[in-house]
Amino acid sequence: MDGSRLIVALDFATADEARAFVARVTPAQCRVKVGLELFTVAGPAFVTELAERGFDVFLDLKFHDIPNTVAQACSRAAGLGAWMLNVHTLGGRRMLEAAREAIDKVSRRPLLIGVTVLTSHEAHEVEEVGLSGDLGAQVERLTALAADTGLDGVVCSPLEAERLRRRFSAPFALVTPGIRPTGSDRQDQRRTLTPAEAIAQGADYLVVGRPVTRAPDPSAVLGAIVQEIRTAEGRQSRKIPG
Ligand code: C5P
């Protein structure tokens, strides 16, 4: 089964819960994402453990600090065996370039992805922190900065993917959370698309959490999503980067 577009968010409170989940799926079915919660309790050793089990790990820590600190953090993340990592584009040009230069020196270079405007933000909140204007325009401007500084892609809402894909062509990667398989509960996500819709909009990688991690049979849900992705891919010829 080719689950290479699928990244399962391991949003668990302990390493043991995450271990119990990954024991039920295989690296051929999905890649995995370790975010702030799991990293805080399970630490770097767990990232290496996942990589040693054969999983491609997206280390979702959204680095944002002075250029030297972020560059060092990126080197350390690459050293853990992460396949993908991310930095916040609001860290600015020099920080993004420093991050990219740091991972360019690594032999198994991870993909470096930028976070633009968090999709949880509403227009008034973005304005409150000093970014004015249309949210979509902000996302596009920060994506241009990511592309210009040599990042490999951005995280974006599946609803922004079409607009970004028109301007930023492959292999620039679009990584989209907010995915809900047809018929599943949206939980606290508001603006969601199905896997097939997200692929049609130009997404490369789909991040899915609870619909898989909380399913009684995660393998079956992954199988259904991969089938849906394959059908959507059949309608276009775009190859995924990485
Ligand atoms: O369970 P669910 O599918 O909603 O999980 C989505 C994952 O993607 C979570 O790890 C969440 O933190 C992450 N994410 C998101 N929206 C963003 C960025 C990240 O849902 N804009």
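Per-chain numbering applies: the sequence of each chain, read as written, is numbered from 1 onward. Where totals are concerned, whole chains, interfaces and linings use all residues; where local detail is concerned, this predicted model gives features only for residues with pLDDT of at least 70, and gives and counts side-chain atom pairs only at 80 or more. Hydrogens are left out, water is left out, and the side-chain values use all remaining heavy atoms of the structure.

A. Structural detail: the packing of helix H3 (residues 67-79) against helix H4 (residues 93-104). Packing of H3 against H4 brings their axes to within 8 Å, and their N-to-C directions diverge by 30 degrees. Classed by the angle they form, the pair H3 and H4 counts as roughly parallel. The two elements H3 and H4 meet at a crossing, and its hand is right-handed. Note on element contacts: H4 touches H3 through Arg94, Met95, Ala98, Ala99, Ala102 and Ile103, opposite Pro67, Val70, Ala71, Cys74 and Ser75. Each residue belonging to the contact of H3 with H4 can be placed in one class, and the counts come to nine nonpolar, one polar and one charged. Only the stretch in contact is used when a helix axis is fitted, and all axes are lines through C-alpha atoms; the angle between N-to-C directions ranges over 0 to 180 degrees. Under the DSSP-based scheme used, a helix requires at least four consecutive residues in state H or I and a strand at least two consecutive residues in state E, with every element numbered from the N terminus. Here the word oblique covers every angle except those under 35 degrees (roughly parallel), over 145 (roughly antiparallel) and from 65 to 115 (roughly perpendicular). In this scheme the handedness of a crossing depends on how the near helix is turned from the far one: anticlockwise by less than a right angle means left-handed, clockwise means right-handed. Here, two residues are considered to be in contact whenever any of their heavy atoms come within 4.5 Å of each other. Any residue that is not Ala, Val, Leu, Ile, Met, Phe, Trp, Tyr, Cys, Pro, Asp, Glu, Lys or Arg is counted as polar, Gly included; the first ten are nonpolar and the last four charged.

B. Inspection of the packing of aromatic side chains at higher detail. Only centres within 6.5 Å qualify two rings of Phe, Tyr or Trp (six-membered ring in Trp) as a pair; their planes then separate them into stacked at under 30 degrees, edge-to-face at over 60, and tilted for everything else. One pass over the structure, following the stated rule, counts three aromatic pairs. Ring centres of Trp83 and Tyr205 lie 5.4 Å apart, and the angle between their planes is 80 degrees; this geometry places the pair in the edge-to-face category. Taken together, the positions of Trp83 in the loop between H3 and strand S4 (84-88) and Tyr205 in strand S8 (residues 205-208) put the pair 122 residues apart, joining distant regions of the chain. In terms of burial, Trp83 and Tyr205 fall into one category: buried. With a centroid separation of 5.6 Å and an interplanar angle of 35 degrees, the aromatic rings of Phe168 and Phe172 are classed as tilted. Comparing Phe168 with Phe172 shows no difference in burial state: the two are buried. Exposure is judged per residue with a 1.4 Å probe applied to protein chains only, and the accessible area is read against the type maximum: over 50% gives exposed, under 20% gives buried, and values in between give partly exposed.

C. View of the pattern of salt bridges. In what follows, salt bridge is the name for a side-chain nitrogen of Lys or Arg lying within 4 Å of a carboxyl oxygen of Asp or Glu. A complete count under the given rule lists 16 salt bridges for this structure. When the shortest N-O distance is used, the salt bridge between Asp104 and Arg109 registers 2.8 Å. The class of Asp104 is partly exposed, set by a relative accessible area of 40%. When the shortest N-O distance is used, the salt bridge between Asp134 and Arg163 registers 3.8 Å. With Asp134 in the loop between helix H5 (123-128) and helix H6 (135-148) and Arg163 in helix H7 (residues 158-167), this pair connects stretches of sequence that are 29 residues apart. On the basis of relative accessible area, Arg163 is assigned to the partly exposed category, the value being 35%. In the salt-bridge network here, residues are joined through shared partners; they are Arg100, Asp104, Arg109 and Asp152.

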